[in-house]
Amino acid sequence: MKFLKMMLAALLLSGAAAGFAATPNTSPVERELPLVTVHKSPYCGCCEKWIEHMQAAGFEVKVVNTDDMTPVKQRVGVPPGKGSCHTAEVGGYFVEGHVPADDVKRLLAEKPAARGIAVPGMPIGSPGMESPDGRVQAYEVQLIDKAGLSSTYSTHAGAE
């Protein structure tokens, strides 16, 4: 019986090792990232580029195309003036606009008491809004608390 338990353990470990070997560039944390559901217009190209950015960072993404983003933004609690072209949901938070994947990972790791994070507008050089000439506007990721108030979560320097 002890031999069978040892064999079972060895098989389980070899399966885990094989799964890790199949994705050598994915850290254990990234393999555990939750699904990101992105609500967007079916015609928005920058949203598609942000989705590619998130996938490259290890997130699995589900896309929900919609012609009217207002009900989505209202449902998840995006305050007026904090909107952008797409709204994502991940881990119980909203992610509004062109937020870098590293900020989303930080949000998921820290788990603040908040509704979500947002990059209002569409700053040039933010993920999905890359400029052919390499320009990057300085921009801020804002944390939106449960009351709908915002504070600076991170800043990203420009390179104009």
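Predicted model, so just to flag it, every value in this text is computed and none were measured.

> How do you make sense of helix H5 (residues 101–110) when you look at a structure like this?
An α-helical turn contains 3.6 residues, so a residue and the one three or four places further along point in the same direction. Among the residues making up H5, those that are buried are Ala101, Asp103, Val104, Lys105, Leu107 and Leu108. Remark: Lys111 follows H5 within two positions and exhibits a positive phi of approximately 50 degrees.

> Mind showing me how you'd approach the pairing of strand E4 (residues 93–97) here?
Within a regular beta strand, the side chains point alternately toward one face of the sheet and then the other, so they alternate between its two faces. Burial of E4 is extensive: five of the five residues sit out of reach of the surface. The sheet contact formed by strand E3 (residues 87–90) and E4 spans four bridges and is antiparallel. Bridged to Glu89 within E4 is Phe94. Pairing geometry for E4 and strand E5 (residues 114–119), over four bridges, is parallel. Among the inter-strand pairings, Val95 is bridged to a residue of E5, identified as Ile117. Considered for its hand, the β-α-β crossover made up of E4, H5 and E5 is left-handed.

> What is the right way to read the confidence of the model for the protein from this model?
Caution applies to low-pLDDT parts of the model: their predicted coordinates are not meant to be read in detail. Averaged over the protein, the pLDDT score is 84; the fraction of residues at 70 or greater is 79%. Within the model, pLDDT remains below 50 along residues 1–30, and this stretch shows eight contacts once partners closer than five positions in the same chain are excluded.

> Explain the packing of aromatic side chains here, please?
Counted according to the given criterion, the structure contains zero aromatic pairs. Here the basic side chain of Arg106 rests over the ring of Tyr153, its NZ or CZ set 3.8 Å away from the ring centre.

> Please explain the pattern of salt bridges as it appears in this structure.
Where charged atoms from two side chains of opposite charge come close, those side chains can pair. Taken as a whole, this structure holds five salt bridges when the rule is applied. Measuring nitrogen to oxygen at the nearest pair gives 2.8 Å for the salt bridge that ties Glu89 to Arg75. Of the two residues, Glu89 is situated in strand E3 and Arg75 in helix H4 (residues 70–76); the sequence distance between them amounts to 14 residues. Taking the shortest distance from any N to any O, the salt bridge between Glu110 and Arg106 comes out at 3.0 Å. Of this pair, Glu110 and Arg106 both sit in helix H5, separated by four residues, roughly a single helical turn.

> When you look at unusual backbone geometry in this model, what are you seeing that I'm missing?
Negative phi values dominate among residues other than glycine, just as trans dominates among peptide bonds. For Lys111, which is not glycine, the phi torsion reads 50 degrees and is therefore positive. Tracing the chain through its elements places Lys111 in the loop between H5 and E5.

> What exactly am I supposed to notice about the environment of Pro112 here?
Checked against the element boundaries, Pro112 lands in the loop between H5 and E5. The exposure class assigned to Pro112 is buried, which follows from its relative accessible area of 19%. Note: C-alpha distance between Pro112 and Lys146 (34 residues apart in sequence) is 9.9 Å. In this structure, Pro112 is in contact with Tyr93, Leu107 and Leu143, ignoring residues within four places of it in sequence.

Cut-off values and rules
- Residues numbered from 1 in each chain as written.
- Predicted model: local features only at pLDDT ≥ 70, side-chain atom pairs only at ≥ 80, totals over all residues.
- Heavy atoms only, no water.
- Buried < 20%, exposed > 50% of the residue type's maximum accessible area, 1.4 Å probe, protein only.
- Helix = DSSP H or I, 4+ residues; strand = E, 2+ residues; numbered from the N terminus.
- Pairing = 2+ DSSP bridges.
- Right-handed = clockwise from strand over helix to strand, strands pointing away.
- pLDDT = per-residue confidence, 0-100.
- Contact = heavy atoms within 4.5 Å.
- Phe/Tyr/Trp six-rings, centres within 6.5 Å; stacked < 30°, edge-to-face > 60°.
- Lys NZ or Arg CZ within 6 Å of the ring centre and 35° of its normal.
- Salt bridge = Lys/Arg side-chain N within 4 Å of Asp/Glu carboxyl O.

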